[in-house]
Amino acid sequence: MATDARTGGDGPARVIMWCVPRSVSTAMTKCMSFVDGAEVWLEPYVISKVAKDVRKLYHADSDPFPLDIDGNEEVYHETAKDLNLGGDLQNFKLDLLSKTEMTTDAKFTSDGNARVIMWCVPRSVSTAMTKCMSFVDGAEIWLEPYVVSKIAKDFRELYYTDFEQLPIDIDGNEEVYLDAVKKLNLGCDTQSFKLDLLSPIKLKQKFDSIPSTTKFVFVKDMASGMPPSRYKYLPDPSSGFRHFFLIRHPVKAYKSFRKTMLEAIEGADPKDLPPGFSKPDPETFHIIDYAPPPKEGTPYFFKAIHELWCYVRENVDSNPVIVDIDELMEDPATILPLLFRALGIPYSEDYVTWDASSDVVRKWQSVCSNVLDAPRYNMWFANAFKSTCFKPSSTSASLDGVTKDIREVAEKEMPYYEEMHKLRITP
């Protein structure tokens, strides 16, 4: 290949070669050593893993080998002796036995040009994750461009059942797009609305042509905004985008969604509700059947994200990143650096907490010129806009006492979640 898919050919190459024993991998490594400016590392992760295994063999009654060297230097030194690699232990780089050190070391992360799309399900703490990412140096943040484009199309079909659907391209269709904006009823000034961001063609063009000088791009979007009929509008693999999937236990996600949706509908003026929507009885409300089914894609959150994940694995990235948000919220100091490492983003311990001010949100790119001016966004994301850290959730994953609709939908969605959960990032 003339250019690398991760760097676009205009940035430093970072490569990890994973192999099996006796696969002539060391000869390959020597070959790579002659590349101009090469810095070559020999088996750091497997030695770290072997160190953990050896400690368990020699010290079965002791505590497990700690993930981080800080405060555990004596244990690391003792384990280095047990490894019996030979050579002077005084010259042994003990920190390279630590997963945390390897994750946060700049030698194992990209120093620029990281591009990430985070696909998620509703109520997965994804906006707080987005705010966290906003503090990465040089960040350009996008808020749900694809799903808003999809919702604009869905709403037009609700209001104009006899009209043709929203055109894919805005060129020559500006009046139709302006009408679609008004029907979205986001609450922001339609005069400052970025109409071109409702076009999936324009979105693809923008993401395929981000300047190489842009250090970090992070796109937060809903998997439901990218049904199979729209896969062709994903950024081209040569753009360097990594795909990151944020999941959450279906019971937790749907409990939160049901509560927030009912509050939103109850607080809405009836005349602002789209055709086919009315104020429901909370006892009989159904989180899937309440809204008319979409003509594109599925109304089920986890089926949607599973379909997209399967497509990405088969056609774009064979190993996309998966994180379970509840595990991250339980232990952000461990999971967050692993996530950053997997995405090629330079990590700092400062990212575990961030400023409560929502000023950083004003810089986010969206169909509204200023996200904070859109009441609809604030209705769903107000707490995330003011967040300062990840906190363990008090929401239970138990089906005990849940409403009939949540039980029905969660049981249907669990297989999709469980398959992805098996491949999530773990320490």
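Bear in mind the structure is a predicted one, so any value in this text is a computation, not a measurement.

About the cut-offs
Residues numbered from 1 in each chain as written. Predicted model: local features only at pLDDT ≥ 70, side-chain atom pairs only at ≥ 80, totals over all residues. Heavy atoms only, no water. Helix = DSSP H or I, 4+ residues; strand = E, 2+ residues; numbered from the N terminus. Buried < 20%, exposed > 50% of the residue type's maximum accessible area, 1.4 Å probe, protein only. Contact = heavy atoms within 4.5 Å. Areas by Shrake-Rupley, 256 points an atom, 1.4 Å probe, with all protein chains shown as cover. Pairing = 2+ DSSP bridges. Axes fitted to C-alpha atoms, helices over the stretch in contact; angles between N-to-C directions. Salt bridge = Lys/Arg side-chain N within 4 Å of Asp/Glu carboxyl O. 1 Å grid on protein atoms, 1.4 Å probe; cavity = no way out; pocket = protein on both sides within 12 Å on 5 of 7 lines; lining within 4 Å. Points joined across faces, edges and corners; volume = space filled by probe spheres on them. Nonpolar A, V, L, I, M, F, W, Y, C, P; charged D, E, K, R; others polar. Phe/Tyr/Trp six-rings, centres within 6.5 Å; stacked < 30°, edge-to-face > 60°. Core = buried A, V, L, I, M, F, W, Y, C linked by side-chain atoms within 4.5 Å. Parallel < 35°, antiparallel > 145°, perpendicular 65-115°, else oblique. Expected span 1.5 Å × (residues − 1).

**Q** Whenever I open this one, the overall build of the protein chain confuses me. Can you help?
**A** Looking only at helices and strands, the protein chain has 14 helices and 5 strands in total. The burial tally for the protein chain puts 46% of its 427 residues in the buried class. Pairs at least 24 apart in sequence give 77% of the contacts found in the protein chain among residues at least 6 apart. Here the protein chain displays about 21700 Å² of accessible surface, and carbon together with sulfur accounts for 51% of that area.

**Q** Could you clarify how one ought to interpret the sheet that holds strand β3 (residues 216-222) in this entry?
**A** The strands that make up a sheet are held in pairs by hydrogen bonds between backbone atoms, and each pair lies either parallel or antiparallel. Strand order in the open sheet formed by 5 strands is β2-β3-β1-β4-β5, with parallel pairing between adjacent strands. Where the open sheet ends on each side, the last strands, each with one partner, are β2 (139-143) and β5 (321-324). Adjacent strand axes in the sheet meet at a mean angle of 20° when their direction is disregarded. Note that strand β1 (residues 114-120) and strand β4 (residues 241-247) share 6 bridges and pair parallel. Paired with arginine 115 across the two strands is phenylalanine 241, which belongs to β4. In the packing of helix α14 (residues 404-421) onto the sheet, the strands contacted are β4 and β5, and the crossing angle to β4 comes to about 125°.

**Q** Help me understand the environment of phenylalanine 381 in this model?
**A** When you line up the elements, phenylalanine 381 lands in helix α13 (residues 375-385). Considering only alpha carbons, one finds phenylalanine 381 and alanine 128, 253 residues apart in sequence, at a separation of 8.5 Å. Once residues within four sequence positions are removed from consideration, phenylalanine 381 is found in contact with Thr127, Leu143, Glu144 and Lys220.

**Q** Quick question: what am I supposed to make of the pattern of salt bridges here?
**A** A side chain with one charge may pair with a side chain of the opposite charge, provided their charged atoms come close. Scanning the model with the defined rule gives 18 salt bridges in all. Here aspartate 171 and lysine 202 are joined by a salt bridge, their closest N and O atoms 3.0 Å apart. One end of the pair, aspartate 171, is in the loop between α6 (145-159) and α7 (174-184); the other, lysine 202, is in helix α8 (residues 200-208), with 31 residues separating them in the sequence. Of the charged contacts in the structure, one is a salt bridge between arginine 424 and glutamate 327, with a shortest N-O distance of 2.7 Å. Highlighted residues: arginine 424 in the segment after α14 and glutamate 327 in helix α11 (residues 325-330), separated in sequence by 97 residues. Among the residues examined, arginine 424 registers a relative accessible area of 22% and is labelled partly exposed. Look at the salt bridges and you will find they share partners, linking Lys153, Arg230 and Glu296 into a network.

**Q** What exactly am I supposed to notice about empty space enclosed by the protein here?
**A** Any empty space left between the atoms is revealed when a probe the size of a water molecule rolls over them. Under the definition given, this model contains 1 cavity of 30 Å³ or more. Reported here for the largest cavity is a volume of approximately 40 Å³. Considered class by class, the residues forming the lining of the largest cavity number 7 nonpolar, 1 polar and no charged.

**Q** What exactly am I supposed to notice about the packing of aromatic side chains here?
**A** Remark: the centre distance and the inter-plane angle together describe each pair of aromatic rings, the angle taken between the planes. Counting across every chain of the model gives 20 aromatic pairs. Between phenylalanine 340 and tyrosine 351, the ring centres sit 5.2 Å apart and the planes meet at 20°, which makes this aromatic pair stacked. Of this pair, phenylalanine 340 sits in helix α12 (residues 332-343) while tyrosine 351 sits in the loop between α12 and α13, and the two are 11 residues apart along the sequence. With 5.9 Å between their ring centres and 75° between their planes, tryptophan 364 and phenylalanine 385 make a pair best called edge-to-face. With a gap of 21 residues between them, tryptophan 364 in the loop between α12 and α13 and phenylalanine 385 in helix α13 connect regions that are remote in the sequence. Given a relative accessible area of 2%, tryptophan 364 falls into the buried group. Classification of phenylalanine 385 by relative accessible area gives buried; the value is 2%.

**Q** Please explain the side chain of threonine 29 as it appears in this structure.
**A** Secondary-structure assignment places threonine 29 in helix α1 (residues 25-32). Setting aside residues up to four positions removed in sequence, threonine 29 forms contacts with Met17 and Val40.

**Q** I tried to follow the nonpolar core on my own but got confused; where do I start?
**A** In summary, soluble globular proteins display a tendency toward joint burial of nonpolar side chains. In this structure, Met129, Phe244 and Leu339 are the most contacted members of the largest nonpolar core, which totals 105 residues. The element best represented in this core is helix α9 (residues 250-266), accounting for 7 residues. Excluding residues that lie within four positions of it along the chain, leucine 339 makes contacts with Met129, Met133, Phe244, Val321, Val323, Leu328 and Ile425. Residues Ala51, Ala80, Leu83 and Leu97 belong to the second largest nonpolar core, which totals 8 residues.

**Q** How should I be thinking about the packing of helix α2 (residues 44-58) against helix α3 (residues 73-83) in this particular structure?
**A** One can describe the packing of α2 onto α3 by two numbers: an axis separation of 9 Å at closest approach and a directional angle of 90°. Judged on the interaxial angle alone, α3 and α2 are roughly perpendicular. For the pair α2 and α3, the contacting residues are Ile47, Val50, Ala51, Val54, Arg55 and Tyr58 in the first and Val75, Glu78, Thr79, Asp82 and Leu83 in the second.

**Q** What is the right way to read α14 from this model?
**A** Think of an α-helix as 3.6 residues a turn; residues three or four steps apart then line up on the same face. Between its first and last C-alpha, α14 extends 25 Å over 18 residues, near the 26 Å set by a 1.5 Å rise per residue. Turning to α14, its buried residues are Asp405, Ile406, Val409, Ala410, Glu413, Met414, Tyr417, Met420 and His421. Buried residues along α14 sit in contact with β4, α9, α10 (301-315), β5 and α11.

**Q** Explain the pairing of β5 to me, please; I cannot follow it from the model alone.
**A** A regular strand places its side chains on the two faces of the sheet in alternate fashion. A two-sided burial pattern is seen for β5, the buried positions comprising Val321 and Val323 on one face and Ile322 and Asp324 on the other. The sheet contact formed by β4 and β5 spans 4 bridges and is parallel. Across the sheet, the residue bridging to phenylalanine 245 is isoleucine 322, located in β5.

**Q** Looking at this structure, how should I read α10?
**A** Here α10 contains 15 residues, and its C-alpha end-to-end distance of 21 Å stays within 8% of the 21 Å for a straight helix at 1.5 Å per residue. Buried within α10 we find Phe301, Phe302, Ala304, Ile305, His306, Leu308, Trp309 and Val312. Summarising the contacts, the buried residues of α10 are in contact with β1, β4, α9, β5 and α14.

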